Amino acid sequence: DQQVKQNSPSLSVQEGRISILNCDYTNSMFDYFLWYKKYPAEGPTFLISISSIKDKNEDGRFTVFLNKSAKHLSLHIVPSQPGDSAVYFCAARTGTASKLTFGTGTRLQVTL
Amino acid sequence: NAGVMQNPRHLVRRRGQEARLRCSPMKGHSHVYWYRQLPEEGLKFMVYLQKENIIDESGMPKERFSAEFPKEGPSILRIQQVVRGDSAAYFCASSLGTAEAFFGQGTRLTVV
């Protein structure tokens, strides 16, 4: 039972353009959502998060949008840079301190 | 990310041996989580611990796997009588309990 889904296993974007990574969830009890970035042979690195009481959170080039009615969130990266090439994981949790449920990841490749 | 220390980074065990994975959380963090990532898959939750207590072990296999987080020292994930299917990357994360979880670099376990 995959409660957090990232339906696009890979995405290729040109440098300077916008990257949009999508994530859907099924558990309406999730109240906090996070995005992590992962390079090969390294641990996930926290990028940005959003509480369910908000619909947008922005941090520099990264913006996360949450549509609760559609149970959908997205991560926008603009402008995309070659160093952004990595696997991006969407994660969600219910309540503070609880476990994170991860999606299967989207591999982003930013080309020159 | 560098604040959560995991060792060893790589561990090779023969079938039937024991594997011990260690995790030192970030300074001041009392919440520790263990996740496993199989090849080409997302991160799967295994266990959530606070000092001397297991809070949620719903992701732990019922047999051969155990975890502890003693009052002093690192958290330990222990796998007894390893099998080939245990080969994976094991990640530890820590948090303050009210915010984001930060991950270590992981331990890559190979069972031969």
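This section reports on the structure supplied with the text. What you are looking at is a predicted structure, and each value in this text was computed from that prediction instead of being measured.

Turning our attention to the state of the cysteines. Tallied over the full model, the rule gives 2 disulfides over all chains. What pairs with Cys23(A) in a disulfide is Cys90(A), and their sulfur atoms sit 2.0 Å apart. Disulfide Cys23(A)-Cys90(A): torsion about the S-S bond near -70°, hence left-handed. Here Cys90(A) lies in strand E9 (residues 86-93) and Cys23(A) lies in strand E3 (residues 19-25), a separation of 67 residues in the sequence. Note on accessibility: Cys23(A) and Cys90(A) belong to one class, buried. With its sulfur 1.8 Å from that of its partner, Cys23(B) forms a disulfide with Cys92(B). The sign of the -55° torsion about the S-S bond sets the Cys23(B)-Cys92(B) disulfide as left-handed. On the criterion of sequence distance, the pair formed by Cys23(B) in strand E3 (residues 19-24) and Cys92(B) in strand E9 (residues 88-95) is long-range, its members being 69 residues apart. A single burial state applies to Cys23(B) and to Cys92(B), both of which are buried.

Two side chains carrying opposite charge are able to pair once their charged atoms lie near each other. Residue and element names in this part refer to chain B. Counted by the stated rule, this structure contains 4 salt bridges over all chains. Salt-bridge contacts for Glu 18 lead to Arg 78; the nearest nitrogen and oxygen are separated by 2.8 Å. With Glu 18 in the loop between strand E2 (10-13) and E3 and Arg 78 in strand E8 (residues 75-79), this pair connects stretches of sequence that are 60 residues apart. Judged by its relative accessible area of 28%, Arg 78 is partly exposed. Arg 64 is the partner of Asp 86 in a salt bridge, and the nearest nitrogen-oxygen pair spans 2.7 Å. Here Asp 86 is found in the loop between E8 and E9, whereas its partner Arg 64 is found in the loop between strand E6 (53-56) and strand E7 (65-68), with 22 residues between them in sequence. Here Asp 86 falls in the buried class, since its relative accessible area comes to 3%. A residue is classified by how much of its surface remains accessible, and Arg 64, at 24% relative accessible area, is partly exposed. A single salt-bridge network, built from bridges that share partners, covers Glu 18, Arg 20 and Arg 78.

Before going further, it helps to spend a moment on the interface of chain B and chain A. Many descriptions give the size of an interface as the accessible area lost when the pieces come together. Each side of the interface is counted separately: chain B has 24 residues, and chain A has 22 residues. For the pair chain B and chain A, the summed buried surface comes to about 1700 Å²; carbon and sulfur atoms form 53% of the total. Among the residues chain B hides against chain A, the three largest losses belong to Leu43(B), Glu100(B) and Phe103(B). Together they make up 28% of the total. Summed over the shared surface of chain B and chain A, the result is 0 salt bridges. Summed over the shared surface of chain B and chain A, the number is 7 residue pairs in polar contact (both at pLDDT 80 or more). Secondary structure elements with two or more residues in the side of chain B that touches chain A: strand E4 (31-37), strand E5 (43-50) and strand E10 (102-103) of chain B. Here the side of chain B that touches chain A is built from residues that sort into 10 nonpolar, 9 polar and 5 charged.

Bringing the environment of Asp86(B) into the picture now. For the pair Asp86(B) and Val111(B), spaced 25 residues apart in the sequence, the C-alpha separation amounts to 6.9 Å. Excluding anything up to four places from it in sequence, Asp86(B) contacts Arg36(B), Arg64(B), Phe65(B), Ile79(B), Leu109(B) and Val111(B).

As a further point, take the nonpolar core. Of all hydrophobic cores here, the largest spans 23 residues; its most connected members are Phe33(A), Trp35(A), Leu73(A), Leu75(A) and Tyr88(A). Secondary-structure elements contributing two or more residues to this core are E3, strand E4 (32-38), strand E5 (45-51), strand E7 (62-67), strand E8 (72-77), E9 and strand E11 (106-111) of chain A. Leaving out residues up to four positions away in the same chain, Leu75(A) has contacts with Ser19(A), Ile20(A), Leu21(A), Trp35(A), Leu47(A), Ile48(A), Phe62(A), Thr63(A) and Tyr88(A). If you look at the next biggest cluster of nonpolar residues, it comprises 22 residues, including Leu11(B), Trp34(B), Val82(B) and Cys92(B).

Once that is clear, we can look at the side chain of Gln6(A). All names here are of chain A. Inspection of the secondary structure puts Gln 6 in the loop between strand E1 (4-5) and strand E2 (10-14). Residue Gln 6 is classed as buried on the basis of its relative accessible area of 5%. From its side chain, Gln 6 meets the backbone nitrogen of Gly 105 in a polar contact 3.0 Å long. When neighbours within four sequence positions are excluded, Gln 6 is seen to be in contact with Asn 22, Cys 23, Trp 35, Tyr 88, Phe 89, Cys 90, Gly 103, Thr 104, Gly 105 and Thr 106.

About the criteria used
- Residues numbered from 1 in each chain as written.
- Chains lettered and ligands numbered in written order.
- Predicted model: local features only at pLDDT ≥ 70, side-chain atom pairs only at ≥ 80, totals over all residues.
- Heavy atoms only, no water.
- Disulfide = S-S within 2.5 Å.
- Helix = DSSP H or I, 4+ residues; strand = E, 2+ residues; numbered from the N terminus.
- Buried < 20%, exposed > 50% of the residue type's maximum accessible area, 1.4 Å probe, protein only.
- Salt bridge = Lys/Arg side-chain N within 4 Å of Asp/Glu carboxyl O.
- Contact = heavy atoms within 4.5 Å.
- Buried area = accessible area lost by both parts, 1.4 Å probe.
- Polar contact = N/O pair within 3.5 Å; in protein donor to acceptor, adjacent residues only side chain to side chain.
- Nonpolar A, V, L, I, M, F, W, Y, C, P; charged D, E, K, R; others polar.
- Core = buried A, V, L, I, M, F, W, Y, C linked by side-chain atoms within 4.5 Å.

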